[in-house]
Each structure stands twice: as C-alpha cells, then as structure tokens.
Amino acid sequence: MSTHGNGNGARPFVDVDNVCKWFGELQVLDRVTLQVPEHGVVCLIGASGSGKSTLLRCINMLERVEEGTITVDGQCLTKDKVDVNEVRRKIGIVFQAYNLFPHMTVLQNVMLAPRKARRVPRDEAEWAARTLLSRIGLEAKAEEYPDRLSGGQQQRVAIVRALAMQPKLMLLDEITSALDPQLVSEVLALVRELADSGMTMIVATHEMAFAREVSDKVCFLDGGRILEEGQPEQIFSDPREARTREFLSRVLAGGRMQ
Amino acid sequence: MHALRHVLHAFFNLHSFTLAMPDVWAGFQLNLKMMVVAEVLVLVLALGIALVRGLPGPGARPLRALAIAYTDFFRGTPIIIVAYFIGFGLPGLQLGYISNQSFTTYGVITLTLVYSAYVTEVYRAGIESVHASQRAAARSLGLSYWQTMRYVIVPQAVRRVIPPLLNDFVGLQKDTAIVSVIGVTEAASLAQQFSNNNGDFPSLLVAAVFFILLTIPLARFTDYLVSQRERRERAQAF
C-alpha cells in the first residue's frame, strides 16, 4: 500500500482547502475550497478579476497564500519548507500571453527546462522535444524563433514546453483569450487531447462550450469565492445561484457559448 | 590677424604633427591595452554587481545595500580622484602584491571600478526591462532563480543594453587618458611631453585624432544596432 493517500484512491490529487489571499487591502481569494481527483478536469469560469488566475498561480506557488492549505499529489505546498522548484517540476502552467522565450528557438524553448531543471541529457531532451513538436504538427518550426509563429502555434508550443517536464498536473490560465478567433480551435483541440489522455487539469477559461464538453466539474468564481460548483450539465443548464445565471446569460449574449 | 596665424601655426603645423606621430602612437597602444582589459573586466564585474543588486528577499538586504553603496560612490566621485586614491594609495599601503603593481595596472583598476558603477546601472535597466511574465514562465517550469537569470533574463537583458553599453565604453576609452595623472605614459601624456619639448601643440592634435578614429567606428556600430532593433520592433508591431 502506498504511503501517500488512504489506500482507497479517494484522496483528491489536488486539494485546495479554505485558501485566502490578499493583494494589499483587496481580498482576491476568499476561503476557496476545491478538490480535483487524479485524471480529473476542472474548469474555472467567472468574470475577469474573480480570482481564477490567482488561484492557478497559488497552486503553482507563483503566489503565496495567506491562509488555508494546498496539497498536490500528497505534498503540502503551503508549509514553510517546500522545495518550490521540485513542486513546479510536476505542475505545468500555461499563460494567456504564451510567454515563450523570444531569444530561443522553438526547440530550445521546449528543451530548456528538461535539460536544466531535470538534467536530462541533451540528445534525450532534443528527441523528446522533437517528438512533442511533431505531435502538434510543428516539427518543421523547431528551428524558428517564436516571433515567426502565429499566436495559436506559439500557444501550442507553450503547452508542449510545459508537457516536456512530464507534469502530473496542468494549469491552463485563459490560454485562448489572447488568440484570434480562428486560432482558438487548434489550441482547444490539443487541450481536449490532453484531457482524453488522462492528464489532471485545472482550466480557467471563457470558452463555455469547451468547458461544458471537456470538464468533469465546473466552478463558478465570483469575487474570489467559488460561488457554485457542479457537473457541467447542471451549471450550464440549471445554475442554482443568481450570479451564475447572470454571468452565463451575459456570456451567452456575448456569443461565447457556441 | 598675426595672432591667429600664430595660433594656427602652433596647433596645426604639419611638420610637427608628423614628427609627433610615432611617439604618440607608441603611447596610444597602452591606451588600447588598458581599454580592452578594463572593458572585459567591467562587463564581468558590473554584471555581478547588477545581479547582487537584484537579489530577492530580505536576507539579501545587506548585499543589495553594498551594491548600491558601490554604485553611488564610484558614480559620484570624479575619476581623477579615484585614480589618485588607487595609484598612490594602494602602493602606499605596502600590501605586497597589491602594492607592487605597475601604474598601468592601477590605471586599469581605476577605470574598471568607475565604469563598472555606470555599467551596473545599464545592466540593471536591461534586467528590469524584461517582462515579469518571462520570469514567471521560467520559474513555473521548475528553473531555479539562478537558472532563470542565466538562461532567460540576462540573455534578453544584455541584447537590449548593448547600445547604451557601447556608449559607456566610448567614455571609458577617452578616460584612459585621465589615468596619466598617476604616471601612466599613454598617448595624452606623451603628446604633452612632446608639446613641452617642441614648444607647440600639434602632438596633442595627433592624440585627439587617434581617440576620434577609435570612437567613430564604435559610434557607428552602436547606431547600426539601434536602427536594426527599431526595424525589428516595428516588424513585430504589425
């Protein structure tokens, strides 16, 4: 029996418990509690500023939480003595603005972290990177610099760069929000593929149709709190909270549902 | 009219100009050596100080304060005074190895100390100009603070600051002449000696020409880099 968990597999892979965070006077997370089982996909929806990004950044330890605990894969991240780099190696995050390294080629972008943070030998890292790039059909762009790629291609490279570290958990922070509409689908297709392969994911998104299709659970955030959570069908068809209904009808009016 | 002719003759006498050339050229080679050595040392030392100054966390506060004190002191002090302190102070301390160097070495030390203070600020501006999201991206991949600096932040920062850096080097090249005050027989001091012996000034003009000829290519190269970057950035904007 594993030393982690309670042996019956019921322990969530990600366990966020009563997390609070302030930016100065402003409370951005208010007693957030969230559980994600292994291989689960949870979508966070809500208006900008509702705390989706901050929550993801806290899970990746890019932000410190002031109260509450976060546990990932049996390891508590909110204790004092935590090897941040070690934790991050198994949690990939992809940002809205891609954040590829502009002075490196696509291949170098993907290889850097495996080589330096995980000490994978060069040949092995390059082989793995090329394999990942061919999986997303961008092998031919391996030697190009990021500014020669479209936004959709850059974002797919950013996803693959995170995958190259073989993370056990992927955090996606509005990864299609900066993209031209016609480029969104190629990125979502890759995320769908990841979900199908059993990757545990927490996805902050404004793409409601996608959230409905891909997620096991949807959380609606409002003012730093998870106001409502449930099965996608229930949240989108029959939301309990008035705020959720209001948010969804506004999104629907904006044409983001289909 | 007579006075003007007198001055012109005193400064622009071609015969005297040609005579002074070998002497001044011999001295100028020393300027070139000091310049190259000092520039290499400045590039390294200034980057080190800039990195120390950017260290995160409360534990690094004393180190950061030290780095700030360094730049404040050496940017604020006239180089000629630093030259006297190094050139006459270090030998006077009778510290064996440290006190038994040539004046040229003390000159290089002076230039390195002073210009590192300027270049530290240049590096720092470059490091700060790299967007925070780059740091977040690197750290989120599991790279350590130093790995992030080494592979992601500093390479981008250095590229951006090459033009202002070269600008500071133009200043350094000229200031190799200032360290003659501690007894380095470089181009400007030899030109002055020649001028004293000969009773006219074309030798100084020779020294000026050497310095200018060295500076112009560097200035044009800087311009070229700036315009190249502007073109690139404009291409990216569309």
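Residues numbered from 1 in each chain as written. Chains lettered and ligands numbered in written order. Predicted model: local features only at pLDDT ≥ 70, side-chain atom pairs only at ≥ 80, totals over all residues. Heavy atoms only, no water.

Draft legend 1. Fine view of the overall build of chain A. Broken down by element type, chain A carries 9 helices and 10 strands. The dimensions of chain A, computed from C-alpha atoms along their principal axes, are 55 × 45 × 40 Å. Looking at the 258 residues of chain A, the share that counts as buried comes to 54%. At a minimum sequence separation of 6, the contacts of chain A that also span at least 24 residues come to 65%. Where the 32 positive side-chain charges of chain A centre and where its 35 negative ones centre are 4 Å apart. (Helix = DSSP H or I, 4+ residues; strand = E, 2+ residues; numbered from the N terminus. Buried < 20%, exposed > 50% of the residue type's maximum accessible area, 1.4 Å probe, protein only. Contact = heavy atoms within 4.5 Å. Lys, Arg positive; Asp, Glu negative; His and termini not counted. Charge placed at Lys NZ, Arg CZ, Asp CG, Glu CD.)

Draft legend 2. Here's a closer look at the environment of K90 of chain A. All names here are of chain A. Mapped onto the fold, K90 is located in the loop between helix 2 (84-89) and strand 6 (91-94). The sequence separation of K90 and E228 amounts to 138 residues, and the corresponding C-alpha distance is 28 Å. When neighbours within four sequence positions are excluded, K90 is seen to be in contact with D73, Q75, P167, K168 and L169. Among the polar contacts made by the side chain of K90, one reaches the side chain of Q75 at a distance of 3.3 Å. (Polar contact = N/O pair within 3.5 Å; in protein donor to acceptor, adjacent residues only side chain to side chain.)

Draft legend 3. Geometry of the side chain of D30 of chain A. Residue and element names in this part refer to chain A. Tracing the chain through its elements places D30 in strand 2 (residues 26-36). Polar contacts involving the side chain of D30 include one to the side chain of R31, which spans 3.0 Å. The residues touching D30, leaving out its near neighbours within four places in the chain, are V19, C20, G223, G224 and R225.

Draft legend 4. Structural view of the packing of helix 3 (residues 61-76) of chain B against helix 5 (residues 103-129) of chain B. Residue and element names in this part refer to chain B. Where helix 3 contacts helix 5, the axes come no closer than 8 Å and their chain directions differ by 120°. Classified by the angle between their axes, helix 3 and helix 5 sit oblique to one another. The two elements helix 3 and helix 5 meet at a crossing, and its hand is left-handed. Along the contact surface, helix 3 presents Y70, T71, F74 and R75, while helix 5 presents T112, L113, V114, S116, A117, Y118, T120 and E121. Looking at the contact of helix 3 with helix 5, its residues break down into 6 nonpolar, 4 polar and 2 charged. (Axes fitted to C-alpha atoms, helices over the stretch in contact; angles between N-to-C directions. Parallel < 35°, antiparallel > 145°, perpendicular 65-115°, else oblique. Left-handed = near helix turned anticlockwise from the far one by under 90°. Nonpolar A, V, L, I, M, F, W, Y, C, P; charged D, E, K, R; others polar.)

Draft legend 5. Up close: helix 4 (residues 79-92) of chain B. Residue and element names in this part refer to chain B. For helix 4, built from 14 residues, the straight-helix expectation of 20 Å at 1.5 Å per residue is met to within 8% by its first-to-last C-alpha distance of 19 Å. Those residues of helix 4 that fall on the buried side of the exposure criterion are I79, V82, A83, I86, G87 and L90. One side of helix 4 carries all its buried residues, which in axial view fall inside an arc of 120°. Turned more than 90 degrees from where helix 4 packs its buried face, F85 and G92 sit exposed. (Expected span 1.5 Å × (residues − 1). Arc of directions from axis to C-beta.)

Draft legend 6. Geometry of the interface of chain B and chain A. Contacts between the two partners involve 18 residues from chain B, matched on the other side by 24 residues from chain A. Between chain B and chain A lies a buried interface of about 1700 Å² when both sides are counted; carbon and sulfur atoms form 61% of it. The largest contributions to the chain B side of the interface with chain A come from S140, L141 and Y151 of chain B, which together make up 34% of the buried area. Scanning the region where chain B abuts chain A turns up 0 salt bridges. Here chain B and chain A share 6 residue pairs in polar contact (both at pLDDT 80 or more) between them. Counting residues per element, the ones that place at least two in the side of chain B that touches chain A are helix 6 (132-140) and helix 7 (145-175) of chain B. Among the elements that make up the side of chain B that touches chain A, the one with the highest residue count is helix 6 of chain B (7 residues). (Buried area = accessible area lost by both parts, 1.4 Å probe. Salt bridge = Lys/Arg side-chain N within 4 Å of Asp/Glu carboxyl O.)

Draft legend 7. Just the pattern of salt bridges, in detail. Residue and element names in this part refer to chain B. Under the definition given, this model contains 22 salt bridges over all chains. We note a salt bridge from E121 to R53, for which the minimum N-O separation is 2.8 Å. You can see E121 sitting in helix 5 and its partner R53 sitting in helix 2 (residues 14-53), a full 68 residues away along the chain. Between E121 and R124 there is a salt bridge, and its shortest N-O distance comes to 3.4 Å. One end of the pair is E121 and the other is R124, both in helix 5 and 3 residues apart, which spans about a single turn.

Draft legend 8. The arrangement of the packing of aromatic side chains in detail. Residues and elements named next belong to chain B. Under the definition given, this model contains 12 aromatic pairs over all chains. The interplanar angle of 25° and the centroid separation of 4.7 Å between the aromatic rings of F11 and F201 together place this pair among those described as stacked. You can see F11 sitting in helix 1 (residues 2-12) and its partner F201 sitting in the loop between helix 8 (187-198) and helix 9 (202-237), a full 190 residues away along the chain. Given the relative accessible area of 32%, F201 is considered partly exposed. (Phe/Tyr/Trp six-rings, centres within 6.5 Å; stacked < 30°, edge-to-face > 60°.)

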